[in-house]
Amino acid sequence: MAERVGVYVCHCGSNIANMVDVEEVAKWAGKNVKDVVVAKDYKFMCSSLGQQMIEEDIKNEKLTRVVVAACSPQLHEKTFRRACQNAGMNPYLFEMANVREHVSWVTKDKAAGTEKTKALVSAAAERVKLQQPLEPMFVRVNPATMVVGGGIAGLQAAIELADAGYHVYLVERSPSIGGHMAQFDKTFPTLDCSACILTPKMSEAGQHENITLLTYSELEEVSGSVGNFKVKIRKKARYVDYDACTGCGICTEKCPRKVLDTDFEVGMGYRKAIYSPFPQAVPRIPVIDTANCTYFERGKCRVCEKVCATNAIRFEQQDELIEVEVGNIIMATGWKLFDCHKLPQYGYGRLANVYTSMEFERLCNAAGPTGGKIVLRDGKTEPESVAIVHCVGSRDSNHNENCSAICCMAAMKFGHLVLEKTKAKVHSFYIDIRANSEGYEEFYQRLMEEGMVFVRGKVAEVTDAARLPSEKGKLIVQVEDTLVGRQRRIPVDMVILMGGLEPQADAKELGLKCGISCSMAGWYTERHPKLDPVA
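Every chain begins its residue count from 1, and numbering advances along the sequence as written. At least 70 in pLDDT is required for a residue's local features to be given in this predicted model, at least 80 for side-chain atom pairs to be given and counted, and no such filter applies to totals for whole chains, interfaces and linings, which use all residues. Note that the side-chain values use all heavy atoms of the structure and ignore hydrogens as well as water.

## Details of the packing of helix H1 (residues 22–32) against helix H4 (residues 110–128)
Direction vectors running N to C along H1 and H4 enclose 40°, while the axes themselves pass 10 Å from each other. With respect to H4, the axis of H1 lies oblique. Viewed along their axes, H1 and H4 form a crossing whose handedness is right-handed. The residues of H4 that touch H1, namely those facing Glu 24, Val 25, Trp 28 and Ala 29, are Thr 114, Thr 117, Lys 118, Val 121 and Ser 122. Classifying every residue of the contact of H1 with H4 gives 4 nonpolar, 3 polar and 2 charged. Throughout, an axis means a line fitted to C-alpha atoms (over the contacting stretch in the case of helices), and angles, computed between N-to-C directions, take values from 0 to 180 degrees. Helix and strand assignments follow DSSP, with helices taken as H or I runs no shorter than four residues and strands as E runs no shorter than two, numbered in order from the N terminus. Between 65 and 115 degrees an angle is taken as roughly perpendicular, under 35 as roughly parallel, over 145 as roughly antiparallel, and anywhere else as oblique. Each crossing gets its hand from how the near helix is turned against the far one by less than a right angle, where anticlockwise is left-handed and clockwise is right-handed. What makes two residues a contact is simply this: any of their non-hydrogen atoms within 4.5 Å. Each residue is assigned to one of three groups, with Ala, Val, Leu, Ile, Met, Phe, Trp, Tyr, Cys and Pro labelled nonpolar, Asp, Glu, Lys and Arg labelled charged, and all others, Gly among them, labelled polar.

What follows is the structure in structure tokens.
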């Protein structure tokens, strides 16, 4: 018995109709596609009237299959399946052709767009005839959850789940949970102490009976199916017995090897070859840095082993592969800072007193290398003038086209800290101020009242080449001030580069392991902001 197919082509307002002759596609489908008995177009198929049209046609025309040519199935596939089900048809005998993202939004040729839409509609009509009715089935879902990433987002997710009675495996690649927030001094716009917010959550996660901490570990493999995943996790060797170590810190104190800390202190301070990232680390189990440990380099030293009262040092320890079963996986892998070396015109790495935002975070942190004193690279001179450069590596077609969203507010926070701790004058160079959340605009107004000078313009160059006597020994910020319409050269003692936020280098690889798609920029794709705004 031949199928009876209904084809519906959506205008999507003008989103589709601007580049596709929707009426022509509907007429063509009714005449040329086999087994199509109803072919219609409508302004908004997803509206209640559009859905009602489908429901009535299923009942009146005895339709056995339905095709809707509209937007992405991610947006409205559930909507149309529900309409089919309401009319008594199996919802899985519905097919959706994406002619918005795949046609109208990617072409400027209306005739070509119309022909491609005809082809997609024809293909969808042929495919839907091969589909079989399906029935939902219920499967047992493992209540345990794995959270990948132990920063503030991952911590909050883990604690909320654990408090609800579910077991959580919290996987973090660093030796301690805490993430970037552990490096910060204050948070905007309230200027609350970052550690005061973070460390109680770290402590709670470390002691919670429903949370298993897997720090210094990485996700290796995910298999299984929805609700029942088998996950392999690589626990990297710490060369310290987790159970025997008491976290006393004697091994770190006595270790003779001091190396530059390029991770937590971002090159602004030093640590030992056996170390915990910071004093409040959770867990308080140190890690041996084999690349800088004298024993692993030359087979000598072993001071940490000699001074350890509990004999917790294990030079022979190997990576361990463990397997856990979970029903849910939360990806909270965070971000990394744009490499400011990629913009040599700003002098980072060449001019001593040019800092990245993370370097300045450590500089003004009370637990940082200078004890919170804002000084130049010589370690003692307080700056008399500071420039803060926004959008370094973001909103830039050569690097990251997206806005990083937090840089404007972080720059204002830095301005406040400089004004609070020094007598320096602060210039903030911005493209646009984006203060669009609760309390942000008020913080912006506060900074202007405190005396922070805002200059609208993208900085062209930071140089130490003086043209005037007043510029000697200074860093000169060359910028076009677009509000006054002229070029300006502003001499300062310190420059802070607000580097853009980028996805982690292995975000796409992790996404593939977990079946999560990424945007072209590498960020994990979120649910549609209009249909699921808090997802």
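After presenting the structure, the write-up continues.
## Topic: the environment of Thr 107
Relative to the helices and strands, Thr 107 is located in the loop between strand S4 (94–98) and H4. Along the chain, Thr 107 and Gly 165 lie 58 residues apart, while their C-alpha atoms are 51 Å from each other. What Thr 107 contacts, discounting residues up to four positions off in sequence, is Met 19 and Gly 113. A distance of 3.1 Å separates a polar atom in the side chain of Thr 107 from the backbone nitrogen of Asp 109. N or O atoms within 3.5 Å of each other form a polar contact, as long as, within protein, one can give a hydrogen and the other can take it, and as long as residues adjacent in sequence are counted only when both atoms are side-chain atoms.

## Considerations on the side chain of Ser 217
Turning to its location among the elements, Ser 217 is positioned in strand S8 (residues 217–225). Engagement of the side chain of Ser 217 in a polar contact is seen with the backbone oxygen of Leu 214, the distance being 3.3 Å. Apart from the residues within four sequence positions on either side, Ser 217 is in contact with Val 171, Glu 172, Arg 173, Ile 233, Arg 234, Lys 235 and Lys 236.

## A look at empty space enclosed by the protein
A cavity here means a set of 1 Å grid points, computed over protein atoms only, where a 1.4 Å probe fits but cannot escape. A pocket is an open set with protein on both sides within 12 Å along at least 5 of 7 lines, and lining residues have an atom within 4 Å of a point. Grid points are joined across faces, edges and corners, and a volume is the space filled by probe spheres set on the points. Taken as a whole and judged by the stated rule, the model has 3 cavities of 30 Å³ or more. When its volume is computed, the largest cavity comes out at roughly 110 Å³. Cys 255, Ala 273, Cys 293, Cys 301 and Cys 304 are, among the 14 residues lining the largest cavity, the residues nearest its centre. Of all the secondary-structure elements, those providing two or more residues to the lining of the largest cavity are helix H8 (294–298) and helix H9 (303–307). Partitioned by chemical class, the residues of the lining of the largest cavity number 11 nonpolar, 1 polar and 2 charged.

## As for unusual backbone geometry
Across the chain, the bulk of peptide bonds are trans and the bulk of non-glycine residues have phi less than zero. A cis amide bond, omega 0°, links Phe 188 with the succeeding residue Pro 189. Relative to the helices and strands, Pro 189 is located in the loop between strand S6 (168–172) and helix H6 (194–207). Residue Val 282 is joined to Pro 283 through a cis peptide bond whose omega torsion reads 0°. Counting through the fold element by element, Pro 283 comes out in the loop between strand S12 (274–275) and strand S13 (287–288). Unusually for a residue other than glycine, Cys 12 sits at a positive phi of about 55°. Along the chain, Cys 12 turns up in the loop between strand S1 (5–10) and H1. For Cys 12, a relative accessible area of 15% translates into the label buried. Buried means the residue's accessible area, taken with a 1.4 Å probe over protein chains only, is under 20% of the maximum for its type, while exposed means over 50%, and partly exposed covers the values in between.

## Some points on the pairing of strand S20 (residues 453–456)
A pair of strands is treated as paired once DSSP finds two or more bridges between them. Note that strand S19 (residues 425–430) and S20 share 4 bridges and pair parallel. Each residue of the ladder has a partner; that of Phe 429, found in S20, is Val 455. The β-α-β motif built from S19, the intervening helix H12 (residues 440–450) and the parallel element S20 has right-handed crossover chirality. Viewed with both strands pointing away, a crossover whose connecting path from the first strand over the helix to the second turns clockwise is right-handed.

## A few points about the nonpolar core
The tendency in soluble globular proteins is for nonpolar side chains to be buried as a group. Within the largest apolar cluster, 42 residues are counted, with the highest numbers of intra-cluster contacts made by Val 7, Tyr 8, Ile 54, Ile 58, Val 66 and Val 68. At the level of secondary structure, the elements contributing two or more residues to this core comprise S1, H1, strand S2 (36–42), helix H2 (48–60), strand S3 (65–70), helix H3 (73–86), S4 and H4. Here Ile 58 is in contact with Leu 63, Val 66, Cys 84, Ala 87 and Met 89, once residues within four sequence places are set aside. By nonpolar core we mean a set of buried residues, namely Ala, Val, Leu, Ile, Met, Phe, Trp, Tyr and Cys, connected to one another through side-chain atoms within 4.5 Å. Core analysis: the next-biggest nonpolar cluster, separate from the first, contains 31 residues, Leu 376, Val 418, Tyr 440 and Phe 443 among them.

Any functional reading would require information beyond the geometric quantities listed.
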